[in-house]
Amino acid sequence: MARIILLDSGPLGLAAHRPSITEVRQCLAWLATLERSGAMVVVPEIADYEVRRELIRAGIVSGIGRLDRLKARFFYLPISTSAMLQAASFWADVRQRGIPTASPDALDADCVLAGMAASAFDPRDTVTVATNNAIHLARFPGIDARDWPTIT
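Summarised in this report is the structure supplied together with it. Position labels on residues start from 1 in each chain and follow its written sequence. Only residues with pLDDT of 70 or above have their local features reported here, since the model is predicted, and side-chain atom pairs are shown and tallied only from 80 upward, although totals for entire chains, interfaces and linings are computed over all residues. The basis for the side-chain values is all heavy atoms of the structure; hydrogens and waters are excluded.

## Examining the pairing of strand β4 (residues 126–131)
Rules: Here the term buried applies to any residue with accessible area under 20% of the maximum for its type, exposed to any over 50%, and partly exposed to those in between, with areas from a 1.4 Å probe on protein chains only. Numbered from the N terminus, helices here are DSSP runs of H or I no shorter than four residues, and strands are runs of E no shorter than two. DSSP-based pairing: two strands are paired if at least 2 bridges between them are found.
The buried fraction of β4 is high, at five of six residues. By the bridge criterion, five bridges tie strand β1 (residues 3–7) to β4 in an arrangement that is parallel. Directly across from R3, in β4, lies its bridge partner T126. Note: β4 against strand β5 (residues 144–147), four bridges, orientation parallel. Within β5, the residue paired with T131 across the bridge is D147.

## Observations regarding the side chain of T101
What counts is decided by this rule: By the criterion applied in these results, polar contacts are pairs of N or O atoms within 3.5 Å in which, for protein atoms, one can donate a hydrogen and the other can accept it, and in which residues neighboring in sequence qualify only through two side-chain atoms. Only heavy atoms matter for contacts: two residues are in contact if any of them lie within 4.5 Å across the pair.
Mapped onto the elements of the fold, T101 is located in the loop between α5 (81–96) and α6 (109–119). At 2.6 Å, the side chain of T101 forms a polar contact with the side chain of D108. Setting aside anything within four residues of it in sequence, one finds T101 in contact with D108, D110, C111, H136, R139 and F140.

## As for the environment of R18
Structurally, the position occupied by R18 is in the loop between α1 (9–15) and α2 (22–37). Along the chain, R18 and S62 lie 44 residues apart, while their C-alpha atoms are 8.4 Å from each other. For R18, the contacting residues outside a window of four places in its chain are V24 and R66.

## A few points about the pattern of salt bridges
Filter applied, for reference: Salt bridge criterion: a side-chain nitrogen from Lys or Arg within 4 Å of a carboxyl oxygen from Asp or Glu.
Inspection of the entire model under this criterion finds eight salt bridges. Measuring nitrogen to oxygen at the nearest pair gives 2.4 Å for the salt bridge that ties R73 to E35. Taken as a pair, R73 in helix α4 (residues 61–73) and E35 in helix α2 lie far apart in primary sequence, 38 residues in all. On the accessibility criterion, R73 (38% relative accessible area) is partly exposed. Connected through shared salt-bridge partners, D48, R52 and D68 make up one network.

## Some thoughts on the packing of aromatic side chains
Short version of the rule: Note on aromatic contacts: the rings of Phe and Tyr and the six-membered ring of Trp form a pair at centre separations within 6.5 Å, being stacked when their planes are under 30 degrees apart, edge-to-face when over 60 apart, and tilted otherwise. In our convention, an over-ring charge means Lys NZ or Arg CZ found within 6 Å of a ring centre and within 35 degrees of that ring's normal.
Enumeration according to the criterion identifies two aromatic pairs in this entry. Ring centres 5.2 Å apart and planes at 55° place the aromatic pair W30 and W148 in the tilted group. With W30 in helix α2 and W148 in the segment after β5, the pair connects residues that are 118 residues apart, well separated along the chain. The two residues W30 and W148 agree in class, both being buried. Centroid distance F90 to F140: 5.1 Å. Interplanar angle 45°. Geometry classified as tilted. One end of the pair, F90, is in helix α5; the other, F140, is in the loop between α7 (134–137) and β5, with 50 residues separating them in the sequence. Comparing F90 with F140 shows no difference in burial state: the two are buried. Against the face of Y76 rests K71, its NZ or CZ located 4.5 Å from the ring centre.

## Considering the sheet that holds strand β3 (residues 75–77)
The test is simple: Fitted lines through C-alpha atoms serve as axes, helices being fitted only where they are in contact, and the angles separating the N-to-C directions of these axes extend from 0 to 180 degrees.
Pairing is parallel in the open sheet, where five strands are placed in the order β3-β2-β1-β4-β5. Looking at which strands have only one partner, the edges of the open sheet turn out to be β3 and β5. Each strand of the sheet is rotated relative to its neighbour by a mean of 35°, with strand direction disregarded. Summarising the sheet, β1 and strand β2 (residues 40–44) pair through three bridges and their orientation is parallel. Note that in β2 the partner of L6 across the bridge is V42. Sheet strands touched by helix α3 (residues 45–58): β1, β2 and β3. Its angle to β2, the strand with the most contacts, is close to 60°. Each of β1, β2, β3 and β4 is contacted by α6, which is oriented at about 160° to β4, the strand it contacts most.

As structure tokens, this is what we get:
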């Protein structure tokens, strides 16, 4: 049984910023603490995509380098067919319940991330999504989403 922490784009993007910023240093220290505790820190492909596209758009080459180093340092989780099938079910479910996490025409990265969290690991593992917006991800059944600073 493993302890797995999936990084949403909020904390991943923060960790890819300049370490001269106090909150970035706090996030990097938090990641180091997770590593020392034996947790498997995971960079999901959908979170990498969300952070990378903005770094490319803004021309922040140094941030892209930092993101690449994070991707190499931690476990990188590509998007799978099973994750996308689960994401489609989550997408339909939250809309039927009237609590969507994005506009109807959006890909909805939260659904994809939740699909990855729900399908990629052994059911006996403890999987937690580290985010800046736990309320959105908590809408998906069985997903343990927490604001990243609260995960120890």
